[in-house]
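# Coordinate analysis (summary)
Below, each chain spelled out in residue letters.
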Amino acid sequence: MSDPEDARDGSTSICTHEEFAPITYHWYPHSGETFAAAVRQLLAASDLSEDAQSHVFSEVGARMKMLRKGQLREVRHVKGPIDTVTGLDLFEVRVRGEVGEDADSDVLVRIYHAEPTKLRSIGGSTVIGLHMHIKDISDPARVRERQDEEMQKARDRFFTGRATSWA
């Protein structure tokens, strides 16, 4: 169902449909930072080595390149709309950075965005980047709770930034 405020219509991500490309990824900054700087800040705040940070940064870049081309695959690369987030179709871009020998050492980066219908068009669209985090799976009993908290941060940023068109 379409939302008169342009925040939701329940459809799958345009980032899985090449006909919407090229897709501009507009990062809504916290304090003027670019998307690349925000990713670097996120990784720098982690306990990853510089080599691991560099690898994960490259993986994020590759995934975002696919997003811009409308070549993400549902669930594997992008999930949504997320049903635990209300009033907004929120999408989660999923990135897995392999930084060690075993599966437990993989870094799971989650990048949330919205796809306002007024910014969608065949042949060129824009999505709004809202929030990102490294998924914390250290306590399996709290993974969903922590993930929901991160998604709510993205939701809040959408509604905070809408008045200024996420400038």
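### Quick word on the sheet that holds strand β4 (residues 107-114)
As summarised here, the arrangement of the 5 strands in space is β1-β5-β4-β3-β2, forming an open sheet in which the pairing is mixed. Looking at strand neighbours, the two that pair on one side only are β1 (23-27) and β2 (78-79), the edges of this open sheet. Relative to β4, strand β3 (residues 90-97) runs antiparallel, the two sharing 8 bridges. Following the sheet pairing, V95 is matched in β4 by V109. Contacting β1, β4 and β5 (125-134), helix α1 (residues 35-44) crosses the sheet at an angle of about 10° to β5. Packing of helix α2 (residues 50-68) onto the sheet brings it into contact with β1, β3, β4 and β5, and relative to β3 it is tilted by some 140°.

### Some points on the nonpolar core
Grouped together as the largest cluster of nonpolar side chains are 27 residues, with contacts concentrated most on F35, V60, L67 and I111. Every residue in contact with L67, bar those within four places of it in the chain, is listed here: C15, I23, Y25, L72, V93, H113 and V127. L88, L90, A114 and L130 belong to the second-largest nonpolar core, a separate cluster that totals 14 residues.

### Concerning the side chain of E92
You can see E92 is positioned in strand β3. On the basis of relative accessibility, which here comes to 2%, the residue E92 falls in the buried class. At a separation of 3.1 Å, a polar atom in the side chain of E92 contacts the side chain of Y112. When residues no more than four places from it in sequence are discounted, the contact partners of E92 are H77, V78, K79, I82, R110, I111, Y112 and Q147.

### Remarks on the pairing of β3
Two faces, one strand: in a regular strand the side chains alternate between the faces of the sheet. Within β3, 6 of the 8 residues are buried, which leaves the element mostly enclosed by the surrounding structure. In this structure, β2 lies alongside β3, joined through 2 bridges in antiparallel fashion. From the neighbouring strand, V78 faces β3, where its bridge partner is V93.

Analysis parameters
Residue numbers run consecutively from 1 along every chain, following the written order of its sequence. At least 70 in pLDDT is required for a residue's local features to be given in this predicted model, at least 80 for side-chain atom pairs to be given and counted, and no such filter applies to totals for whole chains, interfaces and linings, which use all residues. The side-chain numbers reported here are obtained from all heavy atoms of the structure, hydrogens and water having been left aside. Strand pairing is assigned whenever DSSP identifies at least 2 bridges connecting the two strands. Strands here mean DSSP runs of E at least two residues long; helices mean DSSP runs of H or I at least four residues long; both are numbered from the N terminus. A contact between two residues is defined here by any heavy atoms of the two lying within 4.5 Å. For every element, the axis is a line fit to its C-alpha atoms; helices are fit only across the contacting stretch, and the angle between N-to-C directions ranges from 0 to 180 degrees. Nine residue types can take part in a nonpolar core, namely buried Ala, Val, Leu, Ile, Met, Phe, Trp, Tyr and Cys, and a core is a set of them joined through side-chain atoms within 4.5 Å. Burial status follows relative accessibility: with a 1.4 Å probe on protein chains alone, a residue under 20% of its type maximum counts as buried, one over 50% as exposed, and anything between as partly exposed. Whenever a nitrogen or oxygen atom comes within 3.5 Å of another N or O atom, the pair is scored as a polar contact, on the condition that within protein one atom can donate a hydrogen and the other can accept it, and that pairs from neighbouring residues in sequence are kept only if both atoms are in side chains.

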